[in-house]
Amino acid sequence: MTKVNDFVIKFANVNGSGSASANLMFAKTIFRMGIPVSPKNIFPSNIQGLPTWYEIRVNKDGYIARRDGVDCLIALNPQTYQSDLKELVKGGYLIYDSTMERRFPRKDINVIGIPMASICAEHYDDPRQRQLFKNIICLGALSVLFKIDISVLKGLIKEEFQKKPKLIEPNLHALGLGRKYAQENLSSDFGLQLKLMKQKNKKIMIQGNEASGLGCIFAGATVASWYPITPSTSLAEAFEKYLHMFRSDSKGNIKGAVVQAEDELSAIGMAIGANWNGARAFTATSGPGVSLMSEFLGLAYFAEIPLVLFNIQRGGPSTGMPTRTQQSDILSSAYASHGDTKQILLFPSDPKECFEMSVDAFDIAERLQTPVIFMSDLDIGMNDWVVDELSYDDKHNFDRGKVLSAKDLDSIEMWGRYLDIDGDGIPYRTIPGTHPSKGSFFTRGTSHDAFAGYTEDGRINAENLLRITKKFNKSTKYLPKSIRRNAKNKTDVGLIYFGSTAPAVDEAIDYLSEEGYDINKIRIRSFPFDKTLEKFISENDHLFILEQNRDAQMKFLISNELEIDINQFVSILNFDGSPLTAKFIVDEFKSKVKDNKKIIAKVKKSRTAA
């Protein structure tokens, strides 16, 4: 096997072994060599001891979705040898700790032993040092096998430990030990090679939660109230980090507040209260938290209080798979809370959109005076992605919506908190303390009239609900639009998708195109749905919807909201918790169309013409 800049490397280890930072350094080294790379961290929901894996896909053509099959397996967890071996492709490389030599039951692979534990025992006395430096020794050996630019790797080690400079030299020493062993003992005909590439555009490597936390800063958010839950915790932590970085005075006091609440209900309640009081506030959670926050979401919806809620989706139901990814909160978020409620949803596809949509989310929430639920997932939120540099318009003005000033209130004879005077369904609001005697009102979750007074008049309540519906329906002009891409050749086959499935879709469409399948595609970026999606559906006779959940939730939402026969859509569903692969989409699509004579006839015709 000989491959250059096109293969999959997988590290198999145990949680708590210190391997994560070494694995990330390996991925970052490849990135800094200009080579497209996509790492995926697959970890258990415990602190220490259970198996963990780290996959790195290297692809010179820029495909960044997961790929089936492993070309190089660094097997450091004997408990998973048997299952890990099954993923290794024929002719692939198995690298293991040969301190205890083993025989593996496959003759079609290349086995490379490196006595990592022995090397550690020879040079380090402390057990913890032996465990941690074992990963760096492995990294050193890999740098020789893959012919990595060692200056890049050394630079990363210095960056990694710049706040703990005493650790730099020991790590460089461990790196050298691994390199020395490989240079003296391992063959130079290793078939997987990394070669420097030049990137057309400047790129960064960043996680979605990190990008969203930074986006909240640029959006002017000053309050974050949250309760820890995987996989959203790192978003709140990123926001706090950037608060200290960008919003602290000379004494170290930050201009903002980060509150770890006692539970999810308290977290969202605090965020609603802060927004009502004029701050830009948010909370972050995952599916179980959204379930608990449902009643408060109804309050914010009906009392018309701005709110941004980050839902970093994970596997469910119940506690489910906390460290696996899914898109399984679509319906529970779109219709969150009891009664007639519909919530604004945003669907980013990568960390760059996480940053951009996080900034937009606060403007949308305040313009529409309603909750905005940010529908990310674990794959985007907690994995490192290579994206174009983040950009922000310094001339951007925050859209605070219809907020009355003291001067406005003085000029108004009669103001009603829920009075629609512009016909767009959005009333004017006030912020406490704006005026000494005007603009106050009682905020309630019960039925109210246009002047915020309590009422049990059903007709008034119905009018209020219809006004909120008008606001919701008109909201599409403020939301991110769907992105449509037509096939090169005219076709009536269309694929609808959203979120983190985008890289796999792009790759799958290319593969299918090479085999004669012409497919139009559209990526949904928000709910309620825009006219672009409606037009796409009307122009394609064969429609497929791809989503990562069991129950085809997006299909049901589209069918219900656009009043389209649900049988018009064919579902492609994946819900095993792993980031999607292009192969899965290709295989599922072919299985769905194998009996469709019209589509197959077109493919045969295109092949004949070619």
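Note that this is a predicted model, so its numbers are computed, not measured. (Residues numbered from 1 in each chain as written. Predicted model: local features only at pLDDT ≥ 70, side-chain atom pairs only at ≥ 80, totals over all residues. Heavy atoms only, no water.)

A. Quick peek at the overall build of the protein chain. Helices and strands together make up the secondary structure of the protein chain, namely 21 helices and 22 strands. Its C-alpha radius of gyration of 27 Å places the protein chain within 12% of the 25 Å reference for a compact globule of 610 residues. Taken along its principal axes, the extent of the C-alpha atoms in the protein chain is 90 × 70 × 40 Å. Burial status across the protein chain gives 54% buried among its 610 residues. Within the protein chain, contacts between residues separated by at least 24 positions form 74% of all contacts whose residues are at least 6 apart in sequence. Taking the average place of the 77 positive charges on the side chains of the protein chain and the average place of its 74 negative ones, the gap between the two points comes to 5 Å. (Helix = DSSP H or I, 4+ residues; strand = E, 2+ residues; numbered from the N terminus. Rg over C-alpha atoms; globule rule 2.2 N^0.38 Å. Buried < 20%, exposed > 50% of the residue type's maximum accessible area, 1.4 Å probe, protein only. Contact = heavy atoms within 4.5 Å. Lys, Arg positive; Asp, Glu negative; His and termini not counted. Charge placed at Lys NZ, Arg CZ, Asp CG, Glu CD.)

B. Spatial organisation of the packing of aromatic side chains. One pass over the full model with this rule turns up 22 aromatic pairs. Plain terms: the ring middles of Phe527 and Phe529 are 5.1 Å apart, the flat faces sit at 65° to each other, and that makes the pair edge-to-face. Just as Phe527 is buried, Phe529 falls in that class too. Among the aromatic residues, those joined into a ring-pair cluster are Phe7, Phe11, Phe26, Tyr93, Phe146 and Phe190. Here Arg280 stacks its cationic end above the ring of Phe398, 4.8 Å away from the centre of that ring. (Phe/Tyr/Trp six-rings, centres within 6.5 Å; stacked < 30°, edge-to-face > 60°. Lys NZ or Arg CZ within 6 Å of the ring centre and 35° of its normal.)

C. Structural context of the sheet that holds strand β15 (residues 371–377). Spatial strand order, β11-β10-β12-β13-β15-β14-β20: seven strands in an open sheet with mixed pairing. Every other strand in the sheet has two partners, leaving β11 (257–260) and β20 (526–527) as the edge strands with one partner each. For strand β10 (residues 223–226) and β11, the ladder comprises four bridges, and the chain directions are parallel. From the neighbouring strand, Trp226 faces β11, where its bridge partner is Gln260. Across the sheet, helix α11 (residues 294–303) is in contact with β13 (307–313) and β15; its angle to β15 comes to roughly 135°. (Pairing = 2+ DSSP bridges. Axes fitted to C-alpha atoms, helices over the stretch in contact; angles between N-to-C directions.)

D. How the structure looks around the sheet that holds strand β19 (residues 520–524). With mixed pairing, five strands are arranged side by side in an open sheet as β17-β19-β18-β21-β22. A strand with exactly one partner marks an edge of an open sheet, and here the two such strands are β17 (483–485) and β22 (569–573). Here the average twist between neighbouring strands, direction ignored, is 20°. Summarising the sheet, strand β18 (residues 493–498) and strand β21 (residues 542–547) pair through four bridges and their orientation is parallel.

E. Representation of the pairing of strand β2 (residues 6–14). Burial runs high along β2: seven of the nine residues are buried. Pairing of β2 with strand β4 (residues 51–59) involves nine bridges; the strand directions are antiparallel. Counted as the bridge partner of Ala12 is Trp53 from β4. Both β2 and strand β5 (residues 70–75) contribute to a ladder of four bridges, which runs parallel. Within β5, the position partnered with Lys10 by the bridge is Leu73.

F. Examining the packing of helix α1 (residues 19–32) against helix α5 (residues 150–160) more closely. At a minimum axis distance of 9 Å, the contact between α1 and α5 shows a crossing angle of 130°. Accordingly, the angle class assigned to the pair α1 and α5 is oblique. Crossing handedness for the pair α1 and α5: right-handed. Mapping the contact onto sequence places Ser21, Met25, Lys28, Thr29 and Arg32 in α1 and Val152, Leu153, Leu156, Ile157, Glu159 and Glu160 in α5. (Parallel < 35°, antiparallel > 145°, perpendicular 65-115°, else oblique. Left-handed = near helix turned anticlockwise from the far one by under 90°.)

G. Local environment of the pattern of salt bridges. The final tally for this structure, using the stated rule, is 35 salt bridges. Among the salt bridges present, the one from Arg280 reaches Asp363, with a minimum N-O distance of 2.7 Å. One end of the pair, Arg280, is in the loop between α9 (264–276) and β12 (281–285); the other, Asp363, is in helix α13 (residues 351–368), and 83 residues separate them in sequence. By relative accessible area, which is 4% here, Arg280 ends up buried. On the accessibility criterion, Asp363 (9% relative accessible area) is buried. Between Glu515 and Lys590 there is a salt bridge; the shortest N-O distance is 2.4 Å. You can see Glu515 sitting in the loop between α17 (502–514) and β19 and its partner Lys590 sitting in helix α20 (residues 582–593), a full 75 residues away along the chain. Residue classification places Glu515 among the partly exposed positions, given a relative accessible area of 26%. With a relative accessible area of 28%, Lys590 lands in the partly exposed category. Here the salt bridges do not stand alone but share partners, grouping Arg280, Asp363, Glu366, Arg400 and Arg429 into one network. (Salt bridge = Lys/Arg side-chain N within 4 Å of Asp/Glu carboxyl O.)

H. Spotlight on helix α7 (residues 208–218). The buried fraction of α7 amounts to ten of the eleven residues, a majority that puts the element mostly inside the structure. Those residues of α7 lying buried are Gly208, Asn209, Glu210, Ala211, Ser212, Gly213, Leu214, Gly215, Cys216 and Ile217. Where α7 terminates, the next one or two residues include Gly220, which has phi positive at roughly 85°.

I. Spotlight on unusual backbone geometry. Residue Pro231 is bonded to the preceding Thr230 through a cis peptide linkage, with omega at 10°. Tracing the backbone shows Pro231 in the loop between β10 and α8 (233–246). In the segment running from Phe527 into Pro528, the intervening peptide bond is cis, with an omega of 10°. Structurally, the position occupied by Pro528 is in the loop between β20 and α18 (531–539). Positive phi outside glycine occurs at Glu304, with the angle close to 60°. In this structure, Glu304 sits in the loop between α11 and β13. The backbone of Gln369 shows a phi angle near 55°, a positive value even though the residue is not glycine. By secondary structure assignment, the location of Gln369 is in the loop between α13 and β15.

J. Examining helix α19 (residues 553–562) more closely. In terms of burial, α19 is a largely internal element, seven of the ten residues being buried. Gln553, Met554, Lys555, Leu557, Ile558, Ser559 and Leu562 are the residues of α19 that are buried. The positive-phi residue at the C-terminal boundary of α19 is Glu563, with phi of around 55°.

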